[in-house]
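Summary of the model geometry
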Amino acid sequence: MQWPLWLPTKQYGKGYVYFRRKNTKIFGALFNWIGGDVYVPVLWEAPILSNGSQFPVIVFSHGLGGNRTTYSTLCCDLASHGFVVASVEHRDGSASMTLCFRETANTSIIRNTHDRLHRDCSFTEEWLRYARQESEVDFNVRNKQIHTRSQECIQALNLLEAINRGDDVHNLMGLSMNLSQFKGQLDMKRVAAAGHSFGGGSAITSIAEDDRFRLAVAFDAWMMPIEKEVYAQVKKPVIFVNSEAFHWEQNVEDITSLVEQTSRHAATAVITIKGTCHQTHSDFQFLVGKRVGLYAGLRSTLAPHLAMDLSNKAALGFLWKHLDIPNKPGYEDILQGRHKFVMTGVKVARMLVT
């Protein structure tokens, strides 16, 4: 077993660079040089721990220009506390880069080793980079994407249910991990949606569209893509974990409006971690030093490890409480804003020019 690379292939490095509107040939090589030797400190394809109880589930949605490994620190920390975390890589054009498999004409029906019939298909690989828009804040475009993203989160949940039932699942990535070990191991009655930025909005939309999601954790949620009619459909617990430097007036108003409507039916929480920026929830703050991070907006004044720790503890406290998971710390000092680096609510930090 070994640690997996943070950039699974060089295409992902080029995708980040393209998203940032830089020359992919020059800066793509530079980014892959910086990030190409970064590893995620987990064991690749390690067997699931068997502790006699089922594991609650989180489906995680990345932000605009992110992908499945952008939030490895956050997701791995949640997993280390007993959650099975499914990190979705979206195909709606919002990922910096994503690998797709296109089915070719060569298809047949065969019987597999489990004596079940399935389609034997031929596929070709296709890399899809971020789809630029004439306006990055076009409601019609982003609203369509957020519903696609929500459906992809729901599809991920459907897949996890199939794996938990012990269904035969064919993995096109060709990985050797034995998925049958997950049979009966997932607690599908304790399922949450979570995400950052565009992914935070996607998590909120997901719990409005599928009752199997019991709550949402929204890190620096981007609210513009969600139509206001959805707010009334969010009747489950929601926590907004915010950075201090990200939000603008309309986003704050939208968060406030949703919380006012949702709190009539379920618990809500809104906190802000002081000395943080939008990338506080991602891995980028750990890739560079303090000076470069501050200059590039990848980190703020609060130390990255402390910022991530506070953010994740807020999420964990809310998850454990509202998924009814006993004998866990509540982190009430963080959720109620009593920690010296945490405040309740969300504030306007900047002007947004469209």
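All figures in this text were calculated on a predicted structure; none of them were measured in a lab.

1. Comments concerning unusual backbone geometry
Of note in the backbone geometry, Asp324 takes a positive phi value of approximately 60° without being a glycine. Relative to the elements of secondary structure, Asp324 occurs in the loop between α8 (304–322) and α9 (332–335). For Asp324, a relative accessible area of 49% translates into the label partly exposed. The backbone of Asn327 shows a phi angle near 60°, a positive value even though the residue is not glycine. Looking at the element boundaries, Asn327 is found in the loop between α8 and α9.

2. What about helix α3 (residues 72–80)?
Residues Ser72, Leu74, Cys75 and Leu78 constitute the buried set of α3. Down the axis, α3 shows its buried residues gathered within 165° of arc, on one side only. Remark: Gly82 follows α3 within two positions and exhibits a positive phi of approximately 100°.

3. Looking at the confidence of the model for the chain
When the pLDDT values of the chain are averaged, the result is 91; 94% of them are 70 or greater. Low pLDDT (under 50) marks residues 109–118, which in the prediction has 16 contacts with non-local residues, meaning those over four places away or in another chain.

4. Observations concerning the sheet that holds strand β7 (residues 238–243)
Strand order in this open sheet of 7 strands is β2-β1-β5-β6-β7-β8-β9, and the pairing throughout is mixed. Two strands bound the open sheet, and with one partner strand each, they are β2 (84–88) and β9 (342–344). Adjacent strand axes in the sheet meet at a mean angle of 20° when their direction is disregarded. For strand β8 (residues 268–273) and β9, the ladder comprises 3 bridges, and the chain directions are antiparallel. By the bridge assignment for β9, Ile273 is matched with Val342. Each of β7 and β8 touches helix α6 (residues 249–262); the most contacted strand, β7, lies at about 160° to it. Contacting β1 (55–61), β5 (186–196), β6 (215–219), β7, β8 and β9, α8 runs over the sheet at an angle of about 170° to β6.

5. A few points about the state of the cysteines
Linking two cysteines covalently through their sulfur atoms gives a disulfide. All chains considered together, the criterion is met by 0 disulfides. Note on Cys75: no disulfide assigned, nearest cysteine sulfur contributed by Cys76 at a separation of 7.1 Å. Free of any disulfide, Cys153 has its nearest cysteine sulfur in Cys75, 12 Å distant. A relative accessible area of 1% places Cys153 in the buried class.

Parameters at a glance
Residues numbered from 1 in each chain as written. Predicted model: local features only at pLDDT ≥ 70, side-chain atom pairs only at ≥ 80, totals over all residues. Heavy atoms only, no water. Helix = DSSP H or I, 4+ residues; strand = E, 2+ residues; numbered from the N terminus. Buried < 20%, exposed > 50% of the residue type's maximum accessible area, 1.4 Å probe, protein only. Arc of directions from axis to C-beta. pLDDT = per-residue confidence, 0-100. Contact = heavy atoms within 4.5 Å. Pairing = 2+ DSSP bridges. Axes fitted to C-alpha atoms, helices over the stretch in contact; angles between N-to-C directions. Disulfide = S-S within 2.5 Å.

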